[in-house]
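Structural characterization, general
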There are 2 protein chains.
Amino acid sequence: MLELYHSGLTTCSKQVRHCLREKGLSYVSRYVELWNYENLSPDYLKLNPNGVVPTLVHDGNPIINSFCINEYIDDVFPEPALRPADPKDRARMRYWAWTADEVHLSLARLTHERMLKAALKDLGPEDLQIMLRSTPVPEKRERWNLLAKGGYSADQLQAALDNVLFIFRRVEEELSSRGPWLAGATFSLGDINMVAIVHRIFELYPDRLNRSDFPVLNGWWERLMARPAAAYVYAEDTDEVPQRPPRKSIAGIAEFQV
Amino acid sequence: MLELYHSGLTTCSKQVRHCLREKGLSYVSRYVELWNYENLSPDYLKLNPNGVVPTLVHDGNPIINSFCINEYIDDVFPEPALRPADPKDRARMRYWAWTADEVHLSLARLTHERMLKAALKDLGPEDLQIMLRSTPVPEKRERWNLLAKGGYSADQLQAALDNVLFIFRRVEEELSSRGPWLAGATFSLGDINMVAIVHRIFELYPDRLNRSDFPVLNGWWERLMARPAAAYVYAEDTDEVPQRPPRKSIAGIAEFQV
């Protein structure tokens with residue numbers, strides 16, 4: 001049995017949901033409401049000591065980190081293959097899957113600025129302290145603290161956007177010189193992991209990033225989004241993406257009464 | 001033919017040198033002197049558009065990123081195996097190899113504070129500008145700029161050290177519950193990639209990190225360092241680790257006359 005603990009349309013959750021759908025695997029969807037800090041609950045931390053989504057539980061055994069989960073899925077369920085057979089192409093597949101992780105700090109800055117800032121504003125000081133105490137990874141704690149203090153400067157946001165654009169240009173070159181997919185002839189985990197990044201950026205910066213400035217990347221994006229697995233995963237009105245509940249105070253959630 | 005562009009005892013270079021030695025593969029060692037910015041030279045950027053070391057060139061084909069290079073080596077030269085056969089152990093191997101990458105920002109802060117700060121001090125303003133212009137990845141450029149402006153606050157350094165300690169405690173738990181290696185019974189790329197991080201931290205913070213506070217991690221470390229491949233890679237007086245030359249001005253290096 002496969003159970004996926006995920007949070008719907010967040011970047012890493014999309015990567016694993018997409019991989020499972022491309023494989024045609026059925027799984028139990030276990031939605032984790034980040035809004036109510038369910039990822040920081042003691043029960044969830046037993047599955048995932050870092051307190052982040054997603055976690056895949058396969059016959060009771062938890063696998064963590066979206067990059068590792070997707071390779072695991074391809075190890076255990078090899079058909080249809082999502083890693084190219086040729087080692088050189090496989091290295092390119094991994095390079096792009098890895099790049100999708102490497103860019104996450106830039107992405108976190110931009111996501112905060114355009115999606116989360118408002119939500120954090122009404123987090124009371126008591127809730128903030130509980131949240132910081134419950135967040136296991138110090139690097140994440142430092143980031144939340146910084147966000148609570150007002151977030152990023154214009155220079156930091158520009159640097160994050162520059163970083164994303166550098167990667168978009170690299171994608172453009174890669175697809176132009178070899179395509180049609182990031183690892184060459186074979187659709188792969190490289191495409192699955194990277195498209196989650198591209199999707200978020202297009203969503204956040206429709207006013208500053210013109211898709212037509214990256215014609216080859218955009219062609220790849222359209223081909224990719226036309227795949228049934230992607231169409232399902234990126235839709236906003238599926239069973240796997242419930243409506244956000246009204247925000248609770250973290251102090252009011254029993255398991256955080258520590 | 002295998003050629004490794006590397007910089008000796010830097011973290012990612014050690015990871016790949018170690019993997020090649022465990023495999024018993026012979027390769028041409030191409031030392032890249034970071035001190036003289038050889039990693040930013042136009043020729044090197046053709047091999048590695050991110051301007052970082054290492055790069056493995058196999059029969060003329062460049063493979064970049066230490067994580068991807070080590071998986072590539074195990075794909076092409078499967079004996080002795082450095083990835084466990086069982087998919088669950090393989091996922092753990094990848095999780096630790098990935099963690100060795102995830103921690104690199106914390107490591108970069110601490111390395112700057114205790115190793116690079118003095119070197120950067122005598123970088124003149126003209127050299128700094130040339131270096132910033134020549135650094136392709138915007139995130140790295142932002143970091144260099146920040147360092148040139150004085151570096152990290154005490155809070156930021158503490159957060160980085162806390163982050164490293166969190167990971168050390170996770171290693172301690174993992175080895176205690178399953179060992180003797182990070183992926184279980186099999187020595188793997190997870191051990192190779194993580195030990196490069198542990199080595200750097202022990203080197204930087206002998207005054208603040210007591211190895212005996214992590215008895216299981218320390219036992220793993222000693223077992224690992226006793227392997228002939230590790231003993232060679234981590235030694236300071238081998239052919240692959242030439243003495244640092246006197247520092248040149250970047251402006252005096254012909255290829256940077258842009």
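Our focus in this paragraph is the packing of helix α4 (residues 87-102) of chain A against helix α3 (residues 66-76) of chain B. Each pair of packed helices can be summarised by the angle the axes make with each other and by the distance between the axes. One can describe the packing of α4 of chain A onto α3 of chain B by two numbers: an axis separation of 9 Å at closest approach and a directional angle of 155°. Put simply, α4 of chain A runs roughly antiparallel to α3 of chain B. For the crossing formed where α4 of chain A meets α3 of chain B, the hand is right-handed. Contacts from Pro87, Arg90, Ala91, Arg94, Tyr95 and Trp98 of chain A of α4 of chain A reach α3 of chain B at Phe67, Cys68, Glu71, Tyr72, Asp75 and Val76 of chain B.

Glancing now at the pairing of strand β3 (residues 55-58) of chain B. Residue and element names in this part refer to chain B. Relative to β3, strand β1 (residues 2-6) runs antiparallel, the two sharing 4 bridges. Looking across to β3, one finds that Leu2 is bridged to His58. Pairing geometry for β3 and strand β4 (residues 61-64), over 4 bridges, is antiparallel. From the neighbouring strand, Leu56 faces β4, where its bridge partner is Ile63. Linking β3 back to β4 in an antiparallel pair, the connection comprises 2 residues, with Asp59 at a positive phi of about 50°.

Here we take up the relation of the copies chain B and chain A. Mapping chain B onto chain A is achieved by rotating through 180° and translating by 0.0 Å along the same axis, at an RMSD of 0.0 Å. The two molecules are tied by a two-fold rotation axis, judged by turn and shift. Among all C-alpha atoms of chain B, that of Glu102 of chain B lies closest to the rotation axis, at 4.0 Å. Here 100% of the contact residues of chain B are again contact residues in chain A; the copies associate through an equivalent surface.

Before going further, it helps to spend a moment on the sheet that holds strand β3 (residues 55-58) of chain A. Residues and elements named next belong to chain A. One open sheet holds the 4 strands; their spatial order is β2-β1-β3-β4, and the pairing between them is mixed. What marks the edges here is a single partner per strand, and that holds for β2 (28-31) and β4 (61-64). Neighbour-to-neighbour, the strand axes of this sheet turn through a mean angle of 20°, independent of strand direction. In the packing of helix α1 (residues 11-23) onto the sheet, the strands contacted are β1 (2-6) and β3, and the crossing angle to β1 comes to about 155°.

This paragraph deals with the nonpolar core. Across soluble globular proteins, nonpolar side chains have a tendency to be buried as a group. Within the largest apolar cluster, 108 residues are counted, with the highest numbers of intra-cluster contacts made by Cys68, Trp96, Met194 and Ile197 of chain A together with Cys68, Met194 and Ile197 of chain B. The residues touching Cys68 of chain A, leaving out its near neighbours within four places in the chain, are Ile63 of chain A together with Ala91, Arg94, Tyr95 and Trp98 of chain B.

All names here are of chain A. The assigned domain composition of chain A is domain 1 (2-81 + 239-256) and domain 2 (87-227). The C-alpha-based centres of domain 1 and domain 2 are spaced at 19 Å. Taken residue by residue, the interface counts 20 residues in domain 1 and 17 residues in domain 2. The element that contributes the greatest number of residues to the side of domain 1 that touches domain 2 is α1, accounting for 6 residues. Its residues assigned to classes, the side of domain 1 that touches domain 2 comprises 9 nonpolar, 7 polar and 4 charged.

Turning to the sheet that holds strand β2 (residues 28-31) of chain B, a few remarks are in order. Residues and elements named next belong to chain B. With respect to topology, 4 strands assemble into an open sheet ordered β2-β1-β3-β4, the strand pairing being mixed. Each edge of the sheet is formed by a strand with only one pairing partner; in this case those strands are β2 and β4. Across the sheet, the mean angle separating the axes of adjacent strands is 20° when strand polarity is ignored. As defined by bridge partners, β1 adjoins β2 across 4 bridges and the pair is classed as parallel. Following the sheet pairing, Tyr5 is matched in β2 by Arg30. Sheet strands in contact with helix α1 (residues 11-23) are β1 and β3, and its direction is about 155° off that of β1.

Taking 1.5 Å per residue, 24 residues should reach 34 Å; helix α8 (residues 154-177) of chain B reaches 35 Å between its end C-alpha atoms and fits that length. Burial in α8 of chain B covers these residues: Ala159, Ala160, Leu161, Asn163, Val164, Phe166, Ile167, Val171 and Glu174 of chain B. Turning to α8 of chain B, the residues buried within the fold contact α7 (138-148) of chain A together with α4 (87-102), α5 (104-121), α9 (189-204) and α10 (215-225) of chain B.

Looking now at the interface of chain B and chain A. Across the boundary between the two partners, chain B contributes 28 residues, which contact 28 residues of chain A. Looking at the side of chain B that touches chain A, the elements that each hand over two or more residues are β4, α3, α4, α7 (138-148) and α8 of chain B. Counting residues per element, the side of chain B that touches chain A draws most heavily on α4 of chain B, which supplies 7 residues. Across the side of chain B that touches chain A, the residue classes tally to 15 nonpolar, 4 polar and 9 charged.

What counts and how
Residues numbered from 1 in each chain as written. Chains lettered and ligands numbered in written order. Predicted model: local features only at pLDDT ≥ 70, side-chain atom pairs only at ≥ 80, totals over all residues. Axes fitted to C-alpha atoms, helices over the stretch in contact; angles between N-to-C directions. Helix = DSSP H or I, 4+ residues; strand = E, 2+ residues; numbered from the N terminus. Parallel < 35°, antiparallel > 145°, perpendicular 65-115°, else oblique. Left-handed = near helix turned anticlockwise from the far one by under 90°. Contact = placed C-beta atoms within 7 Å. Pairing = 2+ DSSP bridges. Least-squares fit on C-alpha atoms with pLDDT ≥ 70 in both. Core = buried A, V, L, I, M, F, W, Y, C linked by C-beta atoms within 7 Å. Buried ≥ 20, exposed ≤ 12 C-beta atoms within 10 Å, placed from the backbone. Domains from an automatic or database assignment. Nonpolar A, V, L, I, M, F, W, Y, C, P; charged D, E, K, R; others polar. Expected span 1.5 Å × (residues − 1).

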